[in-house]
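# Breakdown of the fold
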Amino acid sequence: YDIEQELKASYPNLNLKVLIGSVRDSKRINWVFETYKPEIVYHAAAHKHVPLMETSPGEAVKNNIIGTFHIASASDKYHASKMILISTDKAVRPTNVMGASKRICEMIIQEFSQKSRTDYAAVRFGNVMGSNGSVIPLFEKQIAHGGPVTVTHPDMTRYFMTIPEAVSLVLQAGAYAKGGEIFVLDMGAPVKIDTLARNLIKLSGYEPDVDIKIEYSGLRPGEKLFEEKLMAEEGIMRTDNELIHIGKPIPFDTEVFFEQLKELADTCYNNSDHIVELVEQIVTTFHPVGEHPTGEENKKRQE
């Protein structure tokens, strides 16, 4: 609704069609594609909240994985020119269900690119400031209430970019797409969440730990101290834009992959307790809660 109102106000002559539907509903998706024949598809629909997906892994599978499969299938069936998946740095050696689900989404894109005339690609980046669920609005709310501001760990770092930066780079990466690439956006140096919180407190006219307390709550289920943008085995290629790189796709057995996807879909719709185990079998780099490295191990591996 907000986007519709913004576009109508900014571009009154725009031929705009606004439709509501679920990526889980293949019939609705196919109707939209058959009716409007989109040339370029940007697929951003996903559950992206890490702790929530740890407690509801079936919903991550239904929305992120099955939803992506439906969009990829429709893009192929109705001959879209390009389909661009919005992925995440959490898909790299994931320690949580959300990140692992997005890695499977990348694999779906890679598989469709091998047999379709549609050009598929994924764009992988970190946190977007001001987006839904972003930490900055949470900190601002906590500051407005007089604190405390809760930081999970004093050493936690994340990559950040603004909404205009993210949108611009996603559009450019889409223009580069030839089929199956994973585009990795250069997000600059990672930012310490603790430093971010302290700066926001100062910018609000208060003194950290004096006027507004900072409390460390500990890592939440599935969280890493440090995010990574690329696995070593993926390699890297440059593009004409120095902020956009291409990760070399890791090969996998596609027949086995589709059998695993079918089993995963059946399992999540039956509300089974074995969803996470199946996701582990598909994403061999996935190490769930309790198995992922400590902060120091993660930092050493990243270096």
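Residue positions within a chain follow its written sequence, with the count starting from 1. Side-chain atom pairs in this predicted model are given and counted only at pLDDT of 80 or more, local residue features only at pLDDT of at least 70, and totals for whole chains, interfaces and linings cover all residues. Where side-chain values are given, they derive from all heavy atoms of the structure, hydrogens and water being excluded.

## Concerning the environment of Ala74
Numbered from the N terminus, helices here are DSSP runs of H or I no shorter than four residues, and strands are runs of E no shorter than two. Relative to the helices and strands, Ala74 is located in helix H4 (residues 57–77). Residue contacts follow a heavy-atom distance rule, with two residues in contact if any of their heavy atoms lie within 4.5 Å. Contact partners of Ala74, with chain neighbours within four places excluded, come to Ile29, Asn30 and Phe33.

## Focus: the packing of aromatic side chains
Stacked, tilted and edge-to-face are the three classes applied to pairs of Phe, Tyr and Trp rings, where Trp contributes its six-membered ring and a pair requires centres within 6.5 Å; stacked means planes under 30 degrees apart, edge-to-face means over 60, and tilted covers the rest. Scanning the entire structure with this criterion turns up six aromatic pairs. Seen from their ring centres, Phe69 and Phe112 are 5.6 Å apart, and the 65° between their planes marks the pair as edge-to-face. Pair noted here: Phe69 is in helix H4 and Phe112 is in helix H5 (residues 97–113), with a separation of 43 residues, a long-range link. Relative accessibility decides the category of a residue: with a 1.4 Å probe and only protein chains considered, values under 20% of the type maximum give buried, values over 50% give exposed, and everything between is partly exposed. When its relative accessible area of 3% is taken as the criterion, Phe112 is described as buried. Pairing Phe69 with Phe258 gives two aromatic rings, centres 6.0 Å apart and planes at 75°, and the pair type is edge-to-face. Separated by 189 residues along the polypeptide, Phe69 in helix H4 and Phe258 in helix H9 (residues 254–269) bring together distant segments of the chain. Owing to a relative accessible area of 23%, Phe258 belongs among the partly exposed residues under this scheme. A connected cluster of aromatic rings, assembled from ring pairs, spans Phe69, Phe112, Tyr120, Phe252, Phe257 and Phe258. Remark: a charge is flagged as sitting over a ring if the NZ atom of Lys or the CZ atom of Arg is within 6 Å of the ring centre and within 35 degrees of the ring normal. We note Lys115 situated over the ring of Phe112; from NZ or CZ to the ring centre the distance is 4.9 Å.

## Some words on the side chain of Gln142
Locating Gln142 in the fold gives a position in helix H6 (residues 135–144). Accessibility expressed as a relative area gives 15% for Gln142, which makes it buried. Each residue touching Gln142, except ones within four places of it in the same chain, is listed here: Gly147, Pro148, Val149 and Thr150.

## Let's talk about the packing of H9 against helix H10 (residues 275–282)
Relative placement of two packed helices is described by the angle separating their axes and the distance separating the axes. What counts as an axis is a line fitted to C-alpha atoms, over the stretch in contact for a helix, and the angles between N-to-C directions run from 0 to 180 degrees. Where H9 contacts H10, the two axes come as close as 10 Å, and the packing angle between them is 170°. Classified by the angle between their axes, H9 and H10 sit roughly antiparallel to one another. H10 is crossed by H9, and the crossing has left-handed handedness. Contact with H9, carried on its side by Phe257, Gln260, Glu263, Leu264, Thr267 and Cys268, involves Ile275, Leu278, Val279, Gln281 and Ile282 of H10 and no other residues of that element. Classes in brief: Ala, Val, Leu, Ile, Met, Phe, Trp, Tyr, Cys and Pro nonpolar; Asp, Glu, Lys and Arg charged; the others, Gly included, polar. Per-class residue counts for the contact of H9 with H10 are seven nonpolar, three polar and one charged. In what follows, roughly perpendicular refers to angles from 65 to 115 degrees, roughly parallel to angles under 35, roughly antiparallel to angles over 145, and oblique to any angle outside these ranges. Crossing handedness is defined as follows: a turn of the near helix away from the far one that is anticlockwise and smaller than a right angle gives a left-handed crossing, while the clockwise case is right-handed.

## A few points about a nonpolar patch on the surface
Patches were defined on residues exceeding 30% relative accessible area and lacking a salt bridge, with like-charge contacts within 9 Å and nonpolar side-chain contacts (Val, Leu, Ile, Met, Phe, Trp, Tyr) within 5 Å. We get accessible surface area from the Shrake-Rupley algorithm with a probe of 1.4 Å; when it comes to residues, only the shown protein chains can shield them. Salt bridge, as used here: a side-chain nitrogen of Lys or Arg that lies within 4 Å of a carboxyl oxygen of Asp or Glu. Taken together, the side chains of Ile40, Tyr42, Ile163, Val167 and Leu171 present a nonpolar region at the surface, about 440 Å² in accessible area. The set of elements that each furnish at least two residues to the nonpolar patch consists of strand S1 (40–43) and helix H7 (163–176). Residue contributions to the nonpolar patch peak at three residues, all from H7. One can find Val167 in helix H7. In this structure Val167 comes out as partly exposed when scored by relative accessible area, which is 44%.

## A word on the sheet that holds strand S11 (residues 237–238)
For sheets, the rule is that strands pair by backbone hydrogen bonds, running either parallel or antiparallel. At least two DSSP bridges between two strands are required for those strands to pair. What the six strands build is an open sheet, ordered S1-S2-S3-S8-S12-S11; its pairing is mixed. Lying at the two open borders of the sheet, with one neighbouring strand each, are S1 and S11. In the sheet, strand S3 (residues 119–124) pairs with strand S8 (residues 181–185) via four bridges, with the strands oriented parallel. From the neighbouring strand, Ala121 faces S8, where its bridge partner is Glu181.

## A word on the pairing of strand S12 (residues 244–247)
Within a regular strand, side chains alternate between the sheet's two faces. Residues Ile244 and Ile246 of S12 are buried on one face, and the alternating residues His245 and Gly247, pointing to the opposite face, are buried as well. For S8 and S12, the ladder comprises four bridges, and the chain directions are antiparallel. Residue pairing across strands places Val184 opposite His245, the latter belonging to S12. Sheet analysis places S11 next to S12, joined by two bridges and oriented antiparallel.

## Topic: a negative patch on the surface
Under this rule, positive means Lys or Arg and negative means Asp or Glu; His and the chain ends count for nothing. Where a charge lies is defined by one atom per residue type: Lys uses NZ, Arg uses CZ, Asp uses CG and Glu uses CD. A contiguous patch of negative charge on the surface is contributed by Asp253, Glu255, Glu259 and Glu263. Mapped onto the fold, Glu263 is located in helix H9.

## A word on unusual backbone geometry
Cis geometry is adopted by the peptide bond preceding Pro148, which originates at Gly147 and carries an omega value of 0°. Of note, the phi angle at Arg93 is positive, near 40°, even though the residue is not glycine. With respect to the element layout, Arg93 can be found in the loop between strand S2 (82–86) and H5. At Asp209, a position not held by glycine, the phi torsion is positive, near 70°. Summarising the element assignment, Asp209 is placed in the loop between helix H8 (193–203) and strand S10 (214–216).

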